Amino acid sequence: MSLLHEGVRQDGFAELSRFRGEFYGCLTRRRDALFELADAVLCADGPVRSLVELSLLGEHRRGHGGLYDALARGRLDADQLRRALAAVTLPRAADGRLVLAVDITCWLRPDAHTSPQRILCHTYGRGKDQHIPVPGWPYSVITALEPGRSSWTAPLDALRLAPGDDAATITARQLRELVDRLIDAGQWQPGDPEVLIVADAGYDAPRLAFLLKDLPVQVLARMRSDRVLRRACPPRPPGTRGRPPRHGGEFVFGDPATWNAPDTETVTDTRLYGTARARSWDRLHPRLTHRSSWATQDGTLPVIEGTVIRLEVGHLPSGAIPKPVWLWWSGTDAAPADTDRLWQAFLRRFDIEHTFRLFKQTLGWTCPKIRTPEAADRWTWLILAAYTQLRLARPLAADLRRPWEQPAPPERLTPARVRRGFRNLRPKAACPAGAPKPSRPGPGRPPGRKNTHPTPRHDVHTVRKTDPTKPPKPKKSSAPRPRRTG
């Protein structure tokens with residue numbers, strides 16, 4: 001058993017060292033300073049509060065001036081790092097399927113008036129249960145999910161949304177490029193189960209499935225409870241004249257009289273949610289119109305059929321009143337086993353929130369006051385590379401728990417606990433960064449001389465959806481009608 005354990009540790013150190021070497025090769029300018037900066041993030045004793053404090057660690061052998069200069073003027077080959085992330089060992093579901101979660105998280109910069117390309121980001125919880133727009137940089141992040149309850153994910157890609165970008169189009173292109181990289185890396189081969197993409201209600205699931213229909217992927221996303229879908233057209237009697245209909249009867253989420261009998265129905269006992277009842281209806285599609293994201297589509301709009309799943313649970317762990325969840329799956333002819341597999345995969349989507357919380361509260365992703373979006377992208381990729389090293393060091397780290405913490409088995413260590421012992425693992429892994437050369441800081445601006453080149457200020461990008469010459473539209477009622485178009 002000890003020899004087997006030792007072999008696993010050697011393989012773990014080999015993969016960790018290989019990724020650290022590939023990460024170092026992705027740095028093309030100020031590489032030593034950027035590499036040591038990522039190590040400082042991993043070896044810090046507590047949460048990262050500021051960048052200048054990282055320069056005091058022994059793992060960062062350069063001064064604070066070199067640290068800021070590396071972020072401002074360094075260079076990182078993001079495409080090469082994307083390929084390196086796609087080549088590492090990825091978690092898979094019980095059936096060997098890759099499950100990818102996509103979501104948008106925001107780096108809020110409300111007071112950064114000199115930072116360009118800021119967008120109004122919708123945040124929740126800053127008022128009385130209100131969505132308040134705050135200027136910042138939104139990032140679309142894609143991670144691979146683990147099958148069971150876990151705070152671990154495998155980040156594979158991050159892309160900042162520029163002003164004017166359509167989130168659905170950008171996400172579809174991001175997913176397409178990621179799936180191609182996974183296929184090139186051998187993570188998916190012909191005959192394997194199709195990759196499952198899980199998203200929340202902020203994404204248009206039918207459009208995402210339409211844009212990725214030529215790839216071996218399936219789309220599973222939550223839908224709002226006020227949606228109205230259409231059934232398939234019934235067969236026409238012989239001799240019927242006139243134009244054939246394209247849509248069948250309505251399926252109103254809020255009207256049980258339109259549901260009819262479900263195609264599948266399962267009841268499962270769960271530990272956290274009590275009795276989970278899932279029902280599915282096959283071959284439902286939205287009625288699309290030439291507006292919004294379909295405004296530029298030429299010709300007749302497609303009919304995108306899928307399976308609708310309604311999930312009801314007995315109770316929630318928080319004690320709140322549970323509400324039914326509506327899911328839309330791009331596949332059809334779902335069996336009862338598929339229904340259970342899909343809603344359980346959707347629950348695993350919330351593991352990405354643990355990753356976002358670790359990025360922001362522990363690794364300090366949003367703590368630096370970075371001015372340019374290019375430097376923000378550089379820092380974001382450093383955080384993703386640092387987290388990947390934590391995940392690769394997961395089977396190697398010891399449980400350095402606090403006296404008031406409960407012991408945890410090695411397979412249940414959280415990312416924060418693995419980070420406590422990374423300083424002990426770092427000397428055994430590859431450290432290709434070279435020693436710094438002795439130098440002196442530059443003279444800077446002479447004392448008393450004013451700054452003759454002030455930094456320009458940039459306005460926050462806002463999307464104008466209405467013509468300012470037209471009168472304002474009336475306010476929406478508190479009881480909106482069901483959405484009958486997609």
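Rules used throughout
- Residues numbered from 1 in each chain as written.
- Predicted model: local features only at pLDDT ≥ 70, side-chain atom pairs only at ≥ 80, totals over all residues.
- Heavy atoms only, no water.
- Helix = DSSP H or I, 4+ residues; strand = E, 2+ residues; numbered from the N terminus.
- Rg over C-alpha atoms; globule rule 2.2 N^0.38 Å.
- Buried < 20%, exposed > 50% of the residue type's maximum accessible area, 1.4 Å probe, protein only.
- Core = buried A, V, L, I, M, F, W, Y, C linked by side-chain atoms within 4.5 Å.
- Contact = heavy atoms within 4.5 Å.
- Pairing = 2+ DSSP bridges.
- Axes fitted to C-alpha atoms, helices over the stretch in contact; angles between N-to-C directions.
- Parallel < 35°, antiparallel > 145°, perpendicular 65-115°, else oblique.
- Nonpolar A, V, L, I, M, F, W, Y, C, P; charged D, E, K, R; others polar.
- Phe/Tyr/Trp six-rings, centres within 6.5 Å; stacked < 30°, edge-to-face > 60°.
- Lys NZ or Arg CZ within 6 Å of the ring centre and 35° of its normal.
- Polar contact = N/O pair within 3.5 Å; in protein donor to acceptor, adjacent residues only side chain to side chain.
- Expected span 1.5 Å × (residues − 1).
- Right-handed = clockwise from strand over helix to strand, strands pointing away.

Draft legend 1. Structural view of the overall build of the protein. Looking only at helices and strands, the protein has 12 helices and 14 strands in total. A compact globule built from 486 residues should have a C-alpha radius of gyration of about 23 Å, and the protein, at 26 Å, falls within 12% of that. Each principal axis of the C-alpha distribution contributes one length, and for the protein these read about 90 × 70 × 45 Å. Here the protein holds 486 residues, and 45% of them are scored as buried.

Draft legend 2. Just the nonpolar core, in detail. Within the largest apolar cluster, 124 residues are counted, with the highest numbers of intra-cluster contacts made by Phe19, Phe23, Leu54, Trp379 and Leu382. The leading source of residues in this core is helix α10 (residues 373–392), at 12 residues. Each residue touching Phe23, except ones within four places of it in the same chain, is listed here: Phe35, Ala38, Leu76, Leu81, Leu382, Ala385 and Gln389.

Draft legend 3. Structural view of the pairing of strand β14 (residues 325–329). Of all 5 residues in β14, 4 are buried; the element is thus mostly enclosed. Bridge analysis of strand β13 (residues 306–313) against β14 gives 5 bridges, and the strand direction is antiparallel. Paired with Val308 across the strands is Trp328, a residue of β14.

Draft legend 4. Inspection of the packing of helix α2 (residues 31–43) against helix α4 (residues 64–73) at higher detail. Where α2 contacts α4, the axes come no closer than 9 Å and their chain directions differ by 105°. It follows that α2 is roughly perpendicular to α4 by the angle criterion. Contact residues: Ala33, Leu34 and Leu37 in α2; Gly66, Leu67, Ala70 and Leu71 in α4. Counted by class, the contact of α2 with α4 contains 6 nonpolar, 1 polar and no charged residues.

Draft legend 5. The packing of aromatic side chains, seen in detail. Tallied over the full model, the rule gives 17 aromatic pairs. Centroid distance Trp152 to Tyr387: 6.0 Å. Interplanar angle 45°. Geometry classified as tilted. Of this pair, Trp152 sits in the loop between β5 (131–145) and β6 (153–160) while Tyr387 sits in helix α10, placing them 235 residues apart in sequence. According to the relative accessible area criterion, Trp152 is buried, its value standing at 1%. An aromatic cluster of at least three residues, connected via ring pairs, comprises Phe251, Phe253, Trp259, Trp281 and Trp326. The ring of Tyr24 has Arg31 sitting right over it, with the charged end atom 4.7 Å from the ring centre. We note Arg349 situated over the ring of Phe350; from NZ or CZ to the ring centre the distance is 4.7 Å.

Draft legend 6. Quick look at unusual backbone geometry. A positive phi angle, near 60°, is found at Gln117, a position not held by glycine. A relative accessible area of 30% means that Gln117 is categorised as partly exposed.

Draft legend 7. Examining the environment of Pro436 more closely. Looking at the secondary structure, you find Pro436 in the segment after α12 (422–425). Between the C-alpha atoms of Pro436 and Gly66, which are 370 residues apart in sequence, the distance is 9.9 Å.

Draft legend 8. Structural context of the side chain of Thr266. Relative to the helices and strands, Thr266 is located in strand β11 (residues 264–270). Within the local environment of Thr266, its side chain forms a polar contact with the side chain of Asp340, the two groups lying 2.7 Å apart. Those residues in contact with Thr266 that sit more than four places away from it in its chain are Ala276, Arg277, Ala278, Pro336, Thr339 and Asp340.

Draft legend 9. Molecular detail of helix α6 (residues 167–184). Over its 18 residues, α6 runs 26 Å from end to end, which matches the ideal 26 Å to within 8%, given 1.5 Å per residue. If you check which residues of α6 are buried, you get Ala168, Ile170, Thr171, Ala172, Gln174, Leu175, Leu178, Val179, Arg181 and Leu182.

Draft legend 10. Looking closely at the packing of α4 against α10. Between α4 and α10, the shortest axis-to-axis distance is 7 Å and the interhelical angle comes to 110°. On the basis of the axis angle, α4 is roughly perpendicular to α10. Here α4 contributes Ala70, Leu71, Ala72 and Arg73 to the contact with α10, which in turn contributes Ala375, Arg378, Trp379 and Leu382. When grouped by side-chain class, the residues that make up the contact of α4 with α10 number 6 nonpolar, no polar and 2 charged.

Draft legend 11. The arrangement of the environment of Ile142 in detail. When you line up the elements, Ile142 lands in strand β5. Taking the relative accessible area as the measure of exposure, Ile142 reaches 0% and is therefore buried. Through-space distance from the C-alpha of Ile142 to that of Ile104 is 8.9 Å; in sequence the pair is 38 residues apart.

Draft legend 12. Structural view of the pairing of strand β8 (residues 217–223). In terms of residue burial, β8 counts as a mostly covered element, since 6 of its 7 residues are buried. Note: strand β7 (residues 195–199) against β8, 5 bridges, orientation parallel. Opposite Ala199, over in β8, you have Ala221 as the bridge partner. Handedness of the β-α-β unit built from β7, helix α7 (residues 205–211) and β8 comes out right-handed. Of the pairings in the sheet, the one linking β8 to β14 comprises 4 bridges and is antiparallel in character. Pairing of Leu220 across the sheet is with Trp329, part of β14.

Worth remembering: the numbers are spatial, not functional.
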